[in-house]
Amino acid sequence: MTDPHRSPAQVRSDIAHNARVWNHWLGGKDNYPIDRAVGDHVTSMYPSIGEVARADRAFLGRVVRYLTGDVGIGQFLDIGTGLPTADNTHEVAQRTAPATRVVYVDNDPTVLAHARALLAGSPEGATEYIDADARHPEQILRGVEPTLDLKKPVAVMMLGILNFVLDTDEARKIVGTLMDAMPSGSYLVLTHPTLELGGEGNEAAMRFWNENATPPITARSHAEFATFLEGLELVEPGIVSCALWRAGPGATQVAQFGAVARKR
């Protein structure tokens, strides 16, 4: 487990990075001029990208409230945390269930530098941060205990992270390794960009991103996304635009799949 207070010597301010650009799209201040320039250019090519970012964040809130309040999940493993913003996983969860325990995972040095904001949880619960890469699930699993008890159900959150694993077979293996280690009654929560659901215009923007920013990204189809959930029981309404998952009246679709599934 890495000290969240160490200096992030490897931060690059000369190339755009997803965590910081995402922060810019969400209206945050933890980004550099290059992040804003690339983010704004992507927006000019695909104007709804900001709506996607906000819909993904709102989906997180609805899901965490559902899992803590309706299902009674008391443990979360949030992989691909991103920069702290309003209503982080532990904040949403601990408002409903103060004893909730949360482990965040990311390997971006800028996120690491801000990790202390993720560790300010409720006194009844617990929050921890692991500096690790989603491509190494075994390392993540070794680091989650004792904060999480893997004999009890865990919600594994992977929002907008598998799209940075370009090989679909590798992405499936990552999900499989993580969920195989979770007990019955655990949940998997995913979001993923797609060129479906009206996202066709995003193809050129993704190509620009891959030429000018890091890490590279890929979109996936409904059929490809569904393979990450094989063997799990989908929670209604199934695989939909994340903006529509248990949303209220007036919600509009964005080109980002969202789904919640339970391990039997």
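Source: prediction; values computed, not measured.

Parameters at a glance
- Residues numbered from 1 in each chain as written.
- Predicted model: local features only at pLDDT ≥ 70, side-chain atom pairs only at ≥ 80, totals over all residues.
- Heavy atoms only, no water.
- Phe/Tyr/Trp six-rings, centres within 6.5 Å; stacked < 30°, edge-to-face > 60°.
- Helix = DSSP H or I, 4+ residues; strand = E, 2+ residues; numbered from the N terminus.
- Buried < 20%, exposed > 50% of the residue type's maximum accessible area, 1.4 Å probe, protein only.
- Lys NZ or Arg CZ within 6 Å of the ring centre and 35° of its normal.
- Pairing = 2+ DSSP bridges.
- Right-handed = clockwise from strand over helix to strand, strands pointing away.
- 1 Å grid on protein atoms, 1.4 Å probe; cavity = no way out; pocket = protein on both sides within 12 Å on 5 of 7 lines; lining within 4 Å.
- Points joined across faces, edges and corners; volume = space filled by probe spheres on them.
- Nonpolar A, V, L, I, M, F, W, Y, C, P; charged D, E, K, R; others polar.
- Salt bridge = Lys/Arg side-chain N within 4 Å of Asp/Glu carboxyl O.
- Core = buried A, V, L, I, M, F, W, Y, C linked by side-chain atoms within 4.5 Å.
- Axes fitted to C-alpha atoms, helices over the stretch in contact; angles between N-to-C directions.
- Left-handed = near helix turned anticlockwise from the far one by under 90°.
- Contact = heavy atoms within 4.5 Å.

Colleague: What is the right way to read the packing of aromatic side chains from this model?
Modeller: Two descriptors summarise a pair of aromatic rings, namely the distance from one centre to the other and the angle between the planes of the rings. Applying the stated rule across the entire model yields five aromatic pairs. With a centroid separation of 5.7 Å and 80° between ring planes, the pair formed by F59 and W245 is classed as edge-to-face. Of this pair, F59 sits in helix α3 (residues 49-71) while W245 sits in the loop between β9 (240-241) and β10 (256-262), and the two are 186 residues apart along the sequence. W245 matches F59 in its accessibility class, with the two residues each being buried. A centroid spacing of 6.4 Å and a plane angle of 85° characterise the contact between F225 and F228, whose relative ring orientation is edge-to-face. By relative accessible area, which is 1% here, F225 ends up buried. Chaining the aromatic ring pairs together yields one cluster made of F59, Y66 and W245. For the cation-ring pair, R246 lies above Y66, with the distance from its terminal atom to the ring centre recorded as 4.5 Å.

Colleague: When you look at the pairing of strand β3 (residues 101-106) in this model, what are you seeing that I'm missing?
Modeller: For a regular strand, side-chain orientation follows a simple rule: the groups alternate between the two sheet faces. Extensive coverage of β3 is indicated by the burial of five of its six residues. Pairing analysis gives five bridges linking strand β2 (residues 75-79) to β3, with the strands arranged parallel. Paired with D78 across the bridge in β3 is Y104. Handedness of the β-α-β unit built from β2, helix α4 (residues 89-96) and β3 comes out right-handed.

Colleague: What's the story with the layout of surface pockets in this structure? I'm lost.
Modeller: To locate leftover empty space, one rolls a probe as large as a water molecule over the atoms. Empty space within the largest pocket amounts to approximately 880 Å³. Forming the walls of the largest pocket are 49 residues, and the residues nearest its centre are N18, A19, G160, I161 and F164. Of all the elements in the fold, those that place two or more residues in the lining of the largest pocket are α1 (18-25), α3, β2, β3 and α8 (202-212). Broken down by class, the residue content of the lining of the largest pocket amounts to 28 nonpolar, 14 polar and seven charged. Put simply, the second largest pocket is a space of about 150 Å³. Around the second largest pocket sit R172, V175, G176, M179, D180, T227, F228, E230, G231, L232 and K263, which together line it. Counting residues per element, the lining of the second largest pocket draws most heavily on helix α7 (residues 168-180), at five residues. For the lining of the second largest pocket, the residue count by class is four nonpolar, three polar and four charged.

Colleague: Hey, could you run me through the pattern of salt bridges in this one?
Modeller: Pairing is possible between side chains of opposite charge, provided their charged atoms come close. This structure, assessed with the given rule, holds four salt bridges. Among the ionic pairs, D35 bridges to R20, the shortest N-O distance being 2.6 Å. With D35 in helix α2 (residues 33-45) and R20 in helix α1, this pair connects stretches of sequence that are 15 residues apart. In this structure, R172 and D169 form a salt bridge, with 2.2 Å as the shortest nitrogen-oxygen distance.

Colleague: Would you mind going over the environment of D70 with me for this structure?
Modeller: Relative to the helices and strands, D70 resides in helix α3. Given the relative accessible area of 60%, D70 is considered exposed. Considering only alpha carbons, one finds D70 and R12, 58 residues apart in sequence, at a separation of 42 Å.

Colleague: What exactly am I supposed to notice about the nonpolar core here?
Modeller: Ranked by internal contacts, the top residues of the largest apolar core, which has 82 residues, are L67, F76, L77, I79, V156, M158 and L188. Here this core takes 10 residues from α3, the largest share from any one element.

Colleague: Help me out: how do you make sense of the packing of α1 against α2 in this one?
Modeller: Two numbers describe a pair of packed helices, the interaxial angle and the distance between the axes. Two elements in contact, α1 and α2, have axes separated by 9 Å at closest approach and are oriented at 65°. When you trace α1 past α2, the crossing you get is right-handed. Of α2, the residues touching α1 (which contributes R20, V21, H24 and W25) are D35, R36, G39, D40, V42 and T43.

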